Amino acid sequence: MKNNNSQKNQKLRNDIILAVVIVFIAAAGLLLFVLTKQEGSTVAVKIDGVVTDTYPLSENREVSIKTGENDENINILTIKDGKASISEADCPDKICVETRAVSFVGETIVCLPHKIVIEITNEKTDDQIDVAV
Amino acid sequence: MKKHIRKTAVLSILTTVALVLSYVEAILPPIWAAVPGIKIGLPNIIIIFILYKTGLKDAITVSVIRLFLVALLFGNAMTLLYSAAGAILSIALMTLCKKINLFSMVGVSIVGGVAHNLGQILVAMAIFETSQIGYYMLVLAVTGTIAGVFVGIAASIILKRFEKIKI
Ligand SMILES: [Zn+2]
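(A) Up close: the coordination of the zinc ion. Residues and elements named next belong to chain A. Taken together, Cys91 (SG), Cys96 (SG) and Cys111 (SG) make up the protein donors of the zinc ion, found 2.2 to 2.3 Å from the metal. Between the donor residues of the zinc ion, the gaps in sequence give the motif C-x4-C-x14-C. For the pair Cys91 and Cys96, one class covers both residues: buried.

Shown next, in the form of structure tokens:
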């Protein structure tokens, strides 16, 4: 019985070590991500892994992204105040609509059912090149 | 023969419970709107319970039936693909963790919760050919750990209640 108890305590200790190690690694990774993030200038629309469109974040606009064999799937990409979000979608899980607006490089909004990824990038748009010159 | 029928009946009931828990989780409001996809993994309570009570084979059977029913009732082929990846990785790593006998049910459940999220993210990364979703995994690792603690405690309570009942 005593042996059984000490084994129980040992396992409990291992459980706690496991949880702490996972949380620590994740926190370190997130910290790295937060420290290295930078504001993006463009938003890329990827359908099935292929970039189909890129829009500047500087102009407010609404774009209807149609996917599926007969364009039956619709996601509305909204760019407002330098941030991109999916404001409407007819996908079953609505996870893309619930995702908050993104604006930092590498941030994504994913619609798994429609195979769409919205990704913030930092491509040079025409007017930026003008400024550089 | 009689024992076999009894076991089938009990496993059917457990599958139904897991299915109801999936449904409850699907209609619950999002836990944290900033990071969608966070789930407690309520059905995992049943899967872990079966894993400890009757073994791996039954856990896989119930898990597979649940996956297909969930896809059929409130999902599609796409959601089936990534929830299946999560479930397979989760059961595989939980079985491994149980075998090495270093952790209690709570530790095993933590591994299951994190592995479930990891499996889904890996499929998403493969489908979208982007590694950028990776940081998302870091948030889900933390939430998976917290959820795993609760799921593990719940499963061990149920296992204790069923201690004297043979399946
Ligand atoms: Zn969506």
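Picking up after the structure, the text goes on.
(B) Just helix H3 (residues 56-74) of chain B, in detail. Residue and element names in this part refer to chain B. Counted at 1.5 Å a residue, the expected span for H3 with its 19 residues is 27 Å, and the 26 Å between its end C-alpha atoms agrees. By the burial criterion, the buried members of H3 are Asp58, Ala59, Val62, Ser63, Arg66, Leu67, Val70 and Ala71. Tucked into the core, H3 has its buried residues touching helix H1 (2-27), helix H2 (43-53) and helix H4 (77-100).

(C) The environment of Asn5(A), seen in detail. All names here are of chain A. With respect to the helices and strands, Asn5 occurs in helix H1 (residues 2-36). With relative accessibility at 41%, the residue Asn5 sits in the partly exposed group. Between the C-alpha atoms of Asn5 and Leu77, which are 72 residues apart in sequence, the distance is 57 Å.

(D) A look at the side chain of Thr95(B). Here Thr95(B) lies in helix H4. Setting aside residues up to four positions removed in sequence, Thr95(B) forms contacts with Leu51(B) and Leu56(B).

(E) View of the layout of surface pockets. Volume-wise, the second largest pocket comes out at about 570 Å³. Along the wall of the second largest pocket there are 19 residues; nearest its centre are Lys8(A), Ser104(B), Met105(B), Ser156(B) and Leu159(B). Ranked by the residues each element gives to the lining of the second largest pocket, the list is headed by H1(A), at 6 residues. A per-class count over the lining of the second largest pocket returns 8 nonpolar, 5 polar and 6 charged.

(F) The pairing of strand E7 (residues 116-121) of chain A, seen in detail. Residues and elements named next belong to chain A. Of all 6 residues in E7, 6 are buried; the element is thus mostly enclosed. Going residue by residue along E7, you find Ile116, Ile118 and Ile120 tucked away on one face and Val117, Glu119 and Thr121 tucked away on the opposite face as well. In terms of strand pairing, strand E1 (residues 42-47) meets E7 through 6 bridges, oriented antiparallel. Each residue of the ladder has a partner; that of Thr42, found in E7, is Thr121. Where strand E6 (residues 108-111) lies against E7, 4 bridges are found, and the strand directions are antiparallel. Paired with Ile109 across the two strands is Ile118, which belongs to E7. Between the antiparallel neighbours E6 and E7 lie 4 residues, among them Lys115 with a positive phi of about 55 degrees.

About the cut-offs
- Residues numbered from 1 in each chain as written.
- Chains lettered and ligands numbered in written order.
- Predicted model: local features only at pLDDT ≥ 70, side-chain atom pairs only at ≥ 80, totals over all residues.
- Heavy atoms only, no water.
- Donors = N, O, S within 2.8 Å, 3.2 Å for Na, K, Ca; no water.
- Buried < 20%, exposed > 50% of the residue type's maximum accessible area, 1.4 Å probe, protein only.
- Helix = DSSP H or I, 4+ residues; strand = E, 2+ residues; numbered from the N terminus.
- Expected span 1.5 Å × (residues − 1).
- Contact = heavy atoms within 4.5 Å.
- 1 Å grid on protein atoms, 1.4 Å probe; cavity = no way out; pocket = protein on both sides within 12 Å on 5 of 7 lines; lining within 4 Å.
- Points joined across faces, edges and corners; volume = space filled by probe spheres on them.
- Nonpolar A, V, L, I, M, F, W, Y, C, P; charged D, E, K, R; others polar.
- Pairing = 2+ DSSP bridges.

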